[in-house]
Amino acid sequence: MGFLAVDRKIATIPQEVIARANAKLMDAHMADYDALAARLVRVNIDIEDLVEKLMAFSVGLPSWGMVSGGTRYARFPLPGEPTNVFEKVEDCSVVNQLAGLTPRVSLHFPWDKCDDYEALRQYTQTLGIGFDAINSNTFQDQTGQKRSYKFGSLSHSQEATRQQAIEHNLECLDIGKKLGSKALTVWIGDGSNFPGQVEFTDTLERYLESLRTVYGQLPDDWRLLIEHKMYEPAFYSTVIQDWGTSILCAQALGDKAQCLVDLGHHAPNVNIEMIVARLSQFGKLGGFHFNDSKYGDDDLDSGSINPFQLFLVFNELVSAEKRAERTGTRFTPSYMMDQTHNVTDPIESLLNSARAIAGAYVKALIVDRDAMRAYQEDNDVIMAHNSLRLAFESDVRAALAMARVRMGGAIDPIAAYRESGYRAHKAETRKARTELAGGIV
Ligand SMILES: [Mn+2]
């Protein structure tokens with residue numbers, strides 16, 4: 001699962017700061033680690049195997065999540081937040097250095113446009129960061145754009161607007177090729193606000209026709225990830241509204257097209273882990289946007305609201321991984337975060353989120369699947385359920401901390417980050433963003 005980290009040549013946080021922070025916690029950490037190891041031995045799990053799997057696990061960071069987000073009402077900028085893509089990548093490297101499991105960044109265009117992509121590629125590489133899926137943006141109008149996306153983009157009623165949206169996606173492919181990305185994520189805001197505004201079948205047909213052109217230009221080793229979302233910005237109908245439409249489109253396009261599941265893009269109470277199981281069963285689970293939500297597409301920190309759901313999702317992912325091992329097939333979805341940080345320092349939110357996501361993964365790894373299957377076959381409901389429940393209730397923090405320490409990270413990432421004074425330093429050296437922008441989507 002995951003990708004290998006690129007060798008880091010530049011440490012953004014001085015390694016001695018991390019070492020000093022770790023020294024204060026090391027005795028307690030080792031005692032916790034030994035206790036967890038002893039507990040896991042009783043259920044036939046070697047903690048070293050877990051730590052090794054964790055170190056091979058990774059999740060991509062969202063470039064758009066590195067700056068303070070906002071709502072449709074306001075955005076409250078954080079002093080020292082990044083002002084361009086180079087500074088966003090620099091902050092990503094801080095997260096990766098301290099948390100260890102986030103060696104890639106997912107860029108969003110045109111937000112992350114720059115003049116020299118070769119310079120960006122090299123700089124990013126020296127920080128030990130690689131590039132995850134590239135995201136295209138046809139849900140808002142950009143300065144100087146000829147045609148408006150007010151009434152849609154890839155599915156727009158007018159051919160010239162569809163063409164403009166296609167060209168933007170092709171431009172994203174070109175940028176991604178320069179950077180070494182291997183996937184394009186397409187999420188469109190196309191839809192309608194009123195019954196009767198659009199014809200459902202026509203809009204989907206136009207979307208597919210547009211996407212076929214993009215798909216046709218996709219390099220052989222790339223994937224096209226289709227991201228669905230139930231509503232917003234369109235409030236009556238959305239063209240790619242759920243996983244059903246997403247998988248139909250992915251099947252219509254071909255093998256390189258897969259579905260991307262964003263945890264916040266479903267109706268309340270939808271069983272997302274089942275969607276994960278269905279998509280992976282049919283080879284169409286291509287990627288993930290991790291976040292959490294209470295009401296809608298809240299883009300809150302992963303694991304902050306419903307950690308049990310996150311665990312159940314990972315339970316399906318580990319199941320799919322094991323099935324792929326048994327059948328010799330490939331199962332390599334691209335794991336990424338898609339969060340908006342309105343009232344926290346994004347680096348601290350992402351450090352917490354990386355821990356929550358990796359924690360859900362480890363807990364899914366310690367589920368006794370053989371025992372659970374036997375209970376399922378005997379219809380022993382409570383014990384089958386407890387197979388999951390006991391894994392979820394385990395405290396695996398010491399295994400996570402050990403993986404971080406072995407990767408050069410921190411036992412307590414947020415404490416080490418605060419001790420480093422990184423943000424205060426950046427508040428002095430980075431120029432403040434002064435525009436009174438509204439929220440971020
Ligand atoms: Mn998303």
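Conventions we followed
- Residues numbered from 1 in each chain as written.
- Predicted model: local features only at pLDDT ≥ 70, side-chain atom pairs only at ≥ 80, totals over all residues.
- Buried ≥ 20, exposed ≤ 12 C-beta atoms within 10 Å, placed from the backbone.
- Helix = DSSP H or I, 4+ residues; strand = E, 2+ residues; numbered from the N terminus.
- Arc of directions from axis to C-beta.
- Contact = placed C-beta atoms within 7 Å.
- Expected span 1.5 Å × (residues − 1).
- Pairing = 2+ DSSP bridges.
- Axes fitted to C-alpha atoms, helices over the stretch in contact; angles between N-to-C directions.
- Parallel < 35°, antiparallel > 145°, perpendicular 65-115°, else oblique.
- Left-handed = near helix turned anticlockwise from the far one by under 90°.
- Nonpolar A, V, L, I, M, F, W, Y, C, P; charged D, E, K, R; others polar.

In the annotation of an unreviewed UniProt entry, the protein chain is listed under the name L-rhamnose catabolism isomerase and assigned to Asticcacaulis biprosthecium C19.

Glancing now at helix α7 (residues 243–253). Among the residues making up α7, those that are buried are Trp243, Ser246, Ile247, Cys249 and Ala250. Within α7, the buried residues cover an arc of 160 degrees as seen down the axis, which keeps them to one side. Packing partners of the buried residues in α7 comprise α6 (200–216), β8 (223–227), β10 (257–262) and α8 (272–281). One or two steps after α7, the chain reaches Gly254, where phi turns positive at roughly 140 degrees.

Looking now at helix α3 (residues 85–99). Compared with an ideal rise of 1.5 Å per residue, which puts 15 residues at 21 Å, α3 spans 21 Å between its outermost C-alpha atoms and is within 8% of the ideal. The buried count for α3 comes to 13 of 15 residues, which makes it a mostly enclosed element. Positive backbone phi, approximately 75 degrees, marks Gly100, located one or two places after α3.

The strand order β1-β2-β4 describes an open sheet built from 3 strands, whose pairing is parallel. What marks the edges here is a single partner per strand, and that holds for β1 (61–62) and β4 (130–131).

Closest axis-to-axis distance for the helix α4 (residues 117–126)/helix α5 (residues 159–179) pair is 9 Å, and the angle between their directions is 45 degrees. Classed by the angle they form, the pair α4 and α5 counts as oblique. With respect to the hand of their crossing, α4 and α5 are arranged in right-handed fashion. Here α4 contributes Tyr117, Glu118, Leu120 and Arg121 to the contact with α5, which in turn contributes Ile175, Lys178 and Leu179. Taken together, the residues of the contact of α4 with α5 sort by class into 4 nonpolar, no polar and 3 charged.

Looking now at the sheet that holds β8. Strand order in this open sheet of 7 strands is β3-β5-β6-β8-β10-β11-β12, and the pairing throughout is parallel. Bordering the open sheet on either side are β3 (108–109) and β12 (334–337), each of which pairs with just one other strand. Note: strand β5 (residues 134–136) against strand β6 (residues 183–186), 2 bridges, orientation parallel. The residue bridging Ile134 from the neighbouring strand is Leu184, located in β6.

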